Amino acid sequence: MNKKDYSDVCKKHLQDNDEKDTSIHDEEEPIEPDEQDQLEMQEEEEEEKEEWEEEEEEEEEEKGLNHDDSVKDHKPEIAEGGKERAGEKKEDREQEQKSEEPILTAPETVKVVHEQVPEPTEQEGGVAEHGQEQNQEAQIERREEKEEDRQVKEDEEKEREEEEEEKLSIVHEQEVEEVKKVDVIDRKVIEKDVIERSIKERKEEKIEEKIEEKAEESDPIENIDLKKEVERAEKTIRKHIRETPADHSPFFSREGDCNVYLKLENLQLTGSFKLRGTMNKLLSLSKKEKKTILITASSGNHGAAFAYGVKKLGLRGIIYLPGHTSQAKVDALKYYDVVLKFFGTDCVKTEEHAIKEAVKNSFKYIPPYNDLKIIGGHGTIGIELKRQVERIDAVLVPVGGGGLISGVAGYLKSLDEKIEIIGCQPKNSAVMYESIKAGKILEMESLPTLSDGSAGGIEQGAITFNICKKYVDNFILVSEEEIKEAMKLILEKHFMLIEGAGALSVASFLKAKERFKGKNVVLIISGSKLTLDTLRDVISSGAQENA
Ligand SMILES: Cc1ncc(COP(=O)(O)O)c(C=O)c1O
């Protein structure tokens with residue numbers, strides 16, 4: 001039986017019973033046995049009816065709830081209430097209906113319920129239990145859905161957190177890497193710094209070593225025994241040179257309130273001290289060297305001494321001269337058996353060329369001053385002076401390249417350090433003085449000077465520079481007028497012609513005579529080569545002053 005058929009049956013049955021029930025109650029007559037049976041049946045039917053009604057109500061309630069979403073949340077309460085009501089006693093229900101609701105007959109109640117709830121179709125099943133199950137399933141589904149949603153959210157949150165954590169760990173790793181990099185960079189910077197410092201230190205050490213080496217190289221005087229060199233030269237050259245006088249000068253001694261001795265190297269063979277050194281050098285050559293061609297460059301006293309020595313010793317020699325050399329100087333050299341060649345206009349360039357030629361042709365170059373044998377030979381002046389002058393307080397020496405003063409100072413200082421050695425130079429060409437002041441050999445131009453014999457530069461690396469640095473106590477620089485005055489005075493007071501370089505010591509003494517008071521002073525007159533033109537110039541200046 002379907003729900004509709006069953007409902008129709010109930011309606012008919014109730015209508016019948018209602019009619020009977022009304023009559024019975026109204027009459028209130030005693031009940032007969034047949035009637036008793038009928039009443040029992042009626043009661044049973046009523047109970048059945050009530051049960052159906054309750055079920056219908058529940059079903060309708062369920063449908064209504066399913067239909068109206070707004071009351072979905074209350075479904076469990078209603079469902080529970082429904083069950084309670086199903087368990088209530090009939091009397092309670094009737095009493096409740098009488099007090100709360102308008103009094104309706106059963107068919108009316110059913111009718112109302114049926115109007116509110118649409119009839120279920122056959123496909124929907126029309127069974128209340130099935131609906132309840134569906135609801136529960138839906139509820140479970142929703143719960144599950146909710147659970148799933150919650151789970152998904154939780155998972156997403158977890159995923160997000162993990163991602164965040166991963167990001168943070170990446171950032172951390174990057175930071176660590178950065179720190180490492182910085183650390184590495186720092187280490188590299190520190191290492192670089194350390195390496196650079198050690199390189200710098202090593203460089204400085206090497207520079208210091210090189211300076212020391214250079215000092216040793218350019219300071220061979222530490223290993224040189226100049227005294228021995230001079231003494232050896234003395235033995236070597238003695239028979240080839242003249243012992244020049246060390247004449248006391250009453251005039252200059254009075255001028256300076258001291259004892260002045262003039263060491264007259266202007267009287268030496270060839271007219272200057274130069275023969276001492278040059279002869280020592282030539283005589284010191286090996287047999288093989290003596291057989292080779294000897295070469296030098298000088299238009300002055302060195303050239304004359306070289307030419308003299310080469311001829312005297314039977315050697316072969318070439319002298320290079322600057323193109324502008326005067327005919328008088330050229331003629332002076334013509335008497336010796338040497339070859340004269342000309343190169344350039346500057347003495348230094350001429351000298352450089354001579355050195356190149358010697359190297360190129362395997363000739364033996366004979367230097368003018370930068371050579372130990374030359375110095376040693378010049379030093380023999382000291383040996384003579386020591387013999388000639390009882391007590392020497394100061395020696396004034398003309399200086400050019402420094403060969404003469406090196407030999408004299410080297411020897412005398414080895415005997416007595418207190419002997420004062422004074423270098424004398426023209427202001428117009430004071431290369432040695434300026435170089436010592438500067439601490440290194442200077443390349444500097446010289447101005448024209450009466451002291452042409454000493455004028456000119458110093459060869460780089462010359463040993464004379466260090467010897468002068470060590471042994472020369474003072475320098476006195478003189479003007480051209482002072483040189484001229486000295487030349488004139490030597491002529492006037494001592495009746496001798498001396499050249500400008502030879503007069504440097506005299507000019508220097510006169511310039512600083514006060515400082516020599518009471519002392520024994522030696523003035524080295526180094527050379528005699530005076531041209532007629534220069535002589536005229538010197539005499540005329542004196543004549544003008546006297547006029
Ligand atoms: C006459 C004269 N005096 C002094 C000197 C300077 O000698 P040194 O170059 O050895 O210093 C020279 C140089 O040639 C000279 O000829």
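A. Representation of the environment of Leu 477 in the model. Within the secondary structure, Leu 477 is located in strand β9 (residues 474–478). C-alpha separation for the pair Leu 477 and Ala 507, spaced 30 residues apart in sequence, amounts to 9.0 Å.

B. Quick look at the pairing of strand β10 (residues 520–525). Where burial is concerned, most of β10 is hidden: six out of the six residues are buried. Here β10 shows a buried face lined by Asn 520, Val 522 and Ile 524 and a second buried face lined by Val 521, Leu 523 and Ile 525. Relative to β10, strand β2 (residues 259–264) is paired through six bridges, and the arrangement is parallel. Each bridged residue has a counterpart across the sheet, and for Lys 263 the counterpart in β10 is Ile 524. Pairing between strand β7 (residues 394–398) and β10: three bridges, direction parallel. Bridge pairing in β10 links Val 395 to Val 522.

C. Highlighting the pairing of strand β5 (residues 339–342). By the bridge criterion, four bridges tie strand β4 (residues 317–321) to β5 in an arrangement that is parallel. The residue of β5 that forms the bridge with Tyr 320 is Lys 341.

D. Geometry of the site of the ligand. Looking at the ligand, there are 15 residues lining it, with Asn 301, Gly 400, Gly 402, Leu 404 and Ser 526 nearest. Measuring from an oxygen atom of the ligand, one finds a side-chain N or O atom of Asn 301 at 2.7 Å. In this structure, Leu 404 approaches the ligand through a main-chain N or O atom, which is 2.9 Å from an oxygen atom. Contact with the protein chains hides 95% of the accessible area of the ligand, taken as 390 Å² for the molecule alone. Across the shell around the ligand, the residue classes tally to five nonpolar, eight polar and two charged.

E. Seen up close, unusual backbone geometry. Non-glycine residue Ser 362 carries a positive phi angle of around 60°. Within the secondary structure, Ser 362 is located in the loop between α13 (347–361) and β6 (364–365). Residue classification places Ser 362 among the exposed residues on the basis of a relative accessible area of 58%. Its identity is not glycine, yet Phe 495 carries a phi of approximately 60°, on the positive side. When you line up the elements, Phe 495 lands in the loop between α19 (480–494) and α20 (504–511).

F. Focus on the confidence of the model for the chain. Per-residue confidence for the chain averages 80 on the pLDDT scale, and 74% of its residues sit at or above 70. Across residues 1–7, where pLDDT falls below 50, the model places seven contacts with residues more than four positions away in sequence or in other chains.

Cut-offs applied
Residues numbered from 1 in each chain as written. Predicted model: local features only at pLDDT ≥ 70, side-chain atom pairs only at ≥ 80, totals over all residues. Heavy atoms only, no water. Helix = DSSP H or I, 4+ residues; strand = E, 2+ residues; numbered from the N terminus. Buried < 20%, exposed > 50% of the residue type's maximum accessible area, 1.4 Å probe, protein only. Pairing = 2+ DSSP bridges. Near = heavy atom within 4 Å. Polar contact = N/O pair within 3.5 Å; in protein donor to acceptor, adjacent residues only side chain to side chain. Areas by Shrake-Rupley, 256 points an atom, 1.4 Å probe, with all protein chains shown as cover. Nonpolar A, V, L, I, M, F, W, Y, C, P; charged D, E, K, R; others polar. pLDDT = per-residue confidence, 0-100. Contact = heavy atoms within 4.5 Å.

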